[in-house]
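# Residue-level structural notes
Each chain, written out:
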2 protein chains.
Amino acid sequence: MIFSSFEFNKEEAIYIQIENHIKDNIEKGILQNGSKLPSTRELSSILGVSRSTVVTAYEILESEGKIKSTKGKGTFVTSNKKVAEKSFNIDWESKVNGYAHTCEELDIIKTEIPWEKGMISFKSIAPDESLFDLDEFKRAFLNAWSLEGEKLLNYGYARGYKALIEYLMKYMENKGVNTKGKEILITNGFTEGFDIVINSLTVPGDRILCENPTHNTALKIMRARELDIVGVDMDEDGINIDKLSEELRSNPPKLAYIIPSYHNPTGIVMKGERRKEVFELFQKYSVPIVEDGFNEELLYSSSHVPPIASLCSSGNGVIYIGSFSKILFPGLRIGWILADKKLISTLESVKRTRNIHTSFLDQGIFYNYMISDSFRRYVKKVRRHYREKYNFTLDKIKQYIPYEYIMGEGGLHIFVKLKGVNARRVLEECYKKGVVFTAGDIFYTDNKGTETLRIGFSRVSMEDIEKGIRIIGETIKEILEDK
Amino acid sequence: MIFSSFEFNKEEAIYIQIENHIKDNIEKGILQNGSKLPSTRELSSILGVSRSTVVTAYEILESEGKIKSTKGKGTFVTSNKKVAEKSFNIDWESKVNGYAHTCEELDIIKTEIPWEKGMISFKSIAPDESLFDLDEFKRAFLNAWSLEGEKLLNYGYARGYKALIEYLMKYMENKGVNTKGKEILITNGFTEGFDIVINSLTVPGDRILCENPTHNTALKIMRARELDIVGVDMDEDGINIDKLSEELRSNPPKLAYIIPSYHNPTGIVMKGERRKEVFELFQKYSVPIVEDGFNEELLYSSSHVPPIASLCSSGNGVIYIGSFSKILFPGLRIGWILADKKLISTLESVKRTRNIHTSFLDQGIFYNYMISDSFRRYVKKVRRHYREKYNFTLDKIKQYIPYEYIMGEGGLHIFVKLKGVNARRVLEECYKKGVVFTAGDIFYTDNKGTETLRIGFSRVSMEDIEKGIRIIGETIKEILEDK
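Predicted model only: the values in this text are computed from it and were never measured. (Residues numbered from 1 in each chain as written. Chains lettered and ligands numbered in written order. Predicted model: local features only at pLDDT ≥ 70, side-chain atom pairs only at ≥ 80, totals over all residues. Heavy atoms only, no water.)

## So, the pairing of strand 6 (residues 207–212) of chain A
Consecutive side chains along a regular strand alternate between the two faces of the sheet. Residues and elements named next belong to chain A. This is how it is decided: Relative accessibility thresholds used throughout: buried, under 20% of the residue-type maximum; exposed, over 50%; partly exposed, between the two (1.4 Å probe, protein chains only). Runs of E in the DSSP output that reach at least two residues are strands. Runs of H or I that reach at least four are helices, and both are numbered from the N terminus. We treat two strands as partners when DSSP finds at least two bridges between them. For the handedness criterion, the strands are oriented away from the viewer, and a crossover whose path from the first strand over the helix to the second runs clockwise is classed as right-handed.
A large share of strand 6 lies buried, amounting to six of its six residues. Relative to strand 7 (residues 228–235), strand 6 runs parallel, the two sharing six bridges. Counted as the bridge partner of Leu-209 is Val-230 from strand 7. Where the polypeptide runs from strand 6 across helix 10 (residues 216–224) and back to strand 7, its parallel neighbour, the crossover connection is right-handed. Bridge analysis of strand 6 against strand 9 (residues 255–258) gives three bridges, and the strand direction is parallel. Counterpart to Cys-210 in the pairing with strand 9 is Tyr-257.

## Quick word on the interface of chain B and chain A
Applied cut-off: Any two residues whose heavy atoms approach within 4.5 Å at even a single point are treated as in contact. Two parts placed together each lose some accessible area under a 1.4 Å probe, and the buried area is that loss summed for both. By definition here, a salt bridge exists when the distance from a side-chain nitrogen of Lys or Arg to a carboxyl oxygen of Asp or Glu is within 4 Å. The definition of a polar contact used here is a pair of N or O atoms within 3.5 Å, where within protein one atom must be able to donate a hydrogen and the other to accept one, and adjacent residues in sequence count solely through side-chain atom pairs. Three classes are used, and their members are as follows: Ala, Val, Leu, Ile, Met, Phe, Trp, Tyr, Cys and Pro are nonpolar, Asp, Glu, Lys and Arg are charged, and the others, Gly among them, are polar.
Of the residues lining the interface, 120 residues belong to chain B; the matching set on chain A comes to 120 residues. Carbon and sulfur atoms make up 57% of the surface buried where chain B meets chain A, a total of about 10400 Å² over both sides. In terms of surface lost to chain A, no three residues of chain B exceed Phe-88, Trp-92 and Thr-353 of chain B, which account for 9% of the buried area on that side. The interface formed by chain B and chain A holds three salt bridges in total. Where Lys-342 of chain A meets Glu-93 of chain B, a salt bridge forms, and the shortest distance between an N and an O atom there is 3.9 Å. On the surface where chain B and chain A come into contact, there are 44 residue pairs in polar contact (both at pLDDT 80 or more). Among the elements that line the side of chain B that touches chain A, the one with the most residues is helix 15 (residues 341–355) of chain B, at 11 residues. Of the residues belonging to the side of chain B that touches chain A, the class tally is 46 nonpolar, 40 polar and 34 charged.

## Examining the sheet that holds strand 11 (residues 318–323) of chain A
Residue and element names in this part refer to chain A. Rules: For helices, the axis comes from a line fit to the C-alpha atoms of the stretch in contact; other axes are also lines fit to C-alpha atoms, and the angle between any two N-to-C directions lies between 0 and 180 degrees.
Taken together, the eight strands give an open sheet; going across it, the order is 5-12-11-10-9-6-7-8, and neighbouring strands pair in mixed fashion. Each end of this open sheet is capped by a strand with a single partner; those strands are strand 5 (182–187) and strand 8 (238–239). Strands strand 6, strand 7 and strand 9 of the sheet are contacted by helix 10, whose axis makes an angle of about 155° with strand 7.

## A look at the environment of Gly-317 of chain B
Examined against the element boundaries, Gly-317 of chain B turns out to sit in the loop between helix 14 (308–311) and strand 11 (318–323). Taking relative accessible area as the criterion, Gly-317 of chain B reaches 0% and is therefore assigned buried. With near-sequence residues (within four places) excluded, Gly-317 of chain B lies in contact with Phe-88, Ile-90 and Trp-92 of chain A together with Pro-288, Ile-289 and Cys-312 of chain B.

## Looking at helix 10 of chain A
Residues and elements named next belong to chain A. Counting buried residues in helix 10 gives eight out of nine residues, a clear majority hidden from the surface. When we look at burial in helix 10, the residues that qualify are Asn-216, Thr-217, Ala-218, Leu-219, Lys-220, Ile-221, Met-222 and Ala-224. Remark: Glu-226 follows helix 10 within two positions and exhibits a positive phi of approximately 60°.

Taken by themselves, the reported measurements are silent on function.
What follows is the structure, given as structure tokens:
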């Protein structure tokens, strides 16, 4: 601070010396316009002079317009060094690298038609927050609090909150996964888990295989990494086996990214038989699988289709990335990677490099919520709720929209293939009528899918679902008639 | 699920058909050892048969050792397809890229001598959690909860929680920063903020300038990015002006990373005059500054030294990264980047690509804590507390440790330069005696600092501080006498 090395002389009055010292520092530009000065009480104790002396100095400076005191906020410098400051401007756009540019170009929040207040939006596939059981969540906070208290507020471990990791290990075992030789890393949701895996295991130009279409955030991460993305077309049961086997035979990729349950965007659930065929193909060509556990919980509490990871009972060839974000508290950003022990140890160091660890408070609350009976009851509740909504939405699509085919069998969205109509054209027209949805092309690896669209219904009321889909249907018919 | 496409025939008894269908799926390997079966209730409703029929089928399978029911957990497959499963193993180490390897090699949690229970550890510079005002924090949670409720649990904005951003904008203005043309991005602490800035603005091989020594996490991030790191030596007032000006003149770097307050590891606070000189040099050569606001709050509530960002009142040449992690709730992982509006918009897209956003629950709680009077009172309290502890530790170091010089003037750590003794040798000996600290070499860009060490005292009791430093001092004397 400017008074740290300040010494009084015997000649001048104290208040004048204080006044001049502050003026000098403003002149030198050390005190800038807006700089905060110590309170008169603080400065008098720092300098060991009476408070009234400091008050006098401040009053003079204020009368000269050099400083200004604002009740309750403090005293601030209001005048600058007279000579105009040379400004220091950087053309940041020219400094930003290709990675950041790609992240921005592929940021659908910026590039897609935005939702506006009062519109009916089928864009979201986030859970309906009105279904969250808030009392249970509050109780989970209070439990975590009484259990760990301040420990949750200080630094934790990059690997994650131990109790939550152990819970998730058992949770994966209940899905039929053999966790021997495997470990878990807690991440900020699926997105961070996938971003860490891709950026730790690939280099630009690497071939990576995925379903076509696939999760657009995963596509964005792979494109930002400049990977050579090989999309394999899907049939109604999931990734097409013949095309997959052809790709693997001709030029095996470094990694594969697969979404077996309620695939985004198609909603397809890969049946056990198909999962096994897919697994054995990758095994045959020793191509590791990154499995996206997306929305698995929506079918979990009935007999679930075991994840692909469960087929790899004696090997380490599958990296499973899990998240509850599509049914539970996405705002908390909690996901996990289950993989080979040594690999997890490396990814843990990457996680530590990037942000040290995921919020321990959130992990503590999350854990306490999961061990209560709430989660089981909640999943039961939302499964019923979303199933009803799914069936209702499906009926309305069949009733109003002229489609070629509809894909999927549940989840929080429905994927529709139109016939002879560009979905973007439909979106533009619907937008004018206050209805928005997601054009399907953003999910494709090869600019296909121009006639597809994704209807996310989780956060739309039954009434708006019917109204919105009717409008989409009418719009499509208008466009078809124009031809 | 395996029964989704199942149809009964007229010939066999239902329970036998169920039994055989499950056996087939085990044979085919679709049901793995550990796979969970539907409950008898679920399956009977799925198949539309009586529950007792399903129970009979399960009893037979269990008697044959094919499945096992565990009370409260469910029914699981216990036997595998007979033919031994080809295992699917990947040599992950060979797949991991250079970036991930560097993150692991530079992960001091793995490479440095670990703290063990019962030891006196001077390694941590995290805040003392016993100082956290837990009641205030709990109140902040309850306030956030009643204010926003479930909204905090669903997806939010990559930019951050609006109210917190506005609060921090004012907070920066009170530090004398002109926020015109600037915006804020909320990150998971300083670490993520810096990682995002580095990975968005540099490419491997870029020259980056920093103080030598400097924050080792920042060094790790820059090395993982394969940057050409130019460390500029420090004198007692901060980065050395002559050396800095020489570096900037001879070969201007792309960016500079500077820690002006309670510099890590030296603890030096750059005075206003020096800050101005430094700023003007970078301005002269148009080299952008990434300013680490590290620990600024520890001197904030008295007249603070304005951050370098405040000197750049009419330009965008400074990126300021702030965090309260060294005094407040590091477990929550909340920091922020204040920078040019357009740049922040790009970094927002990078943040969205990496993990969508920082926990909104945490941001909501944090905001409600900050707007209460708690923060001001807390900072007052911890400043007094840490100042006493700092002075006590300094006295003990002077009393016990034969040093060449001691750097810094506060904060949560003290940096000591020994004379003719390797700090790692001292650390090894002290470790045997139950005392650990941080060897200073990890903070250097050029393998210097072998005779330096950092003493973090924030979480050590006065008693242990004296005991631990006495042991360190005795050990050094022993080593010196051995020579």
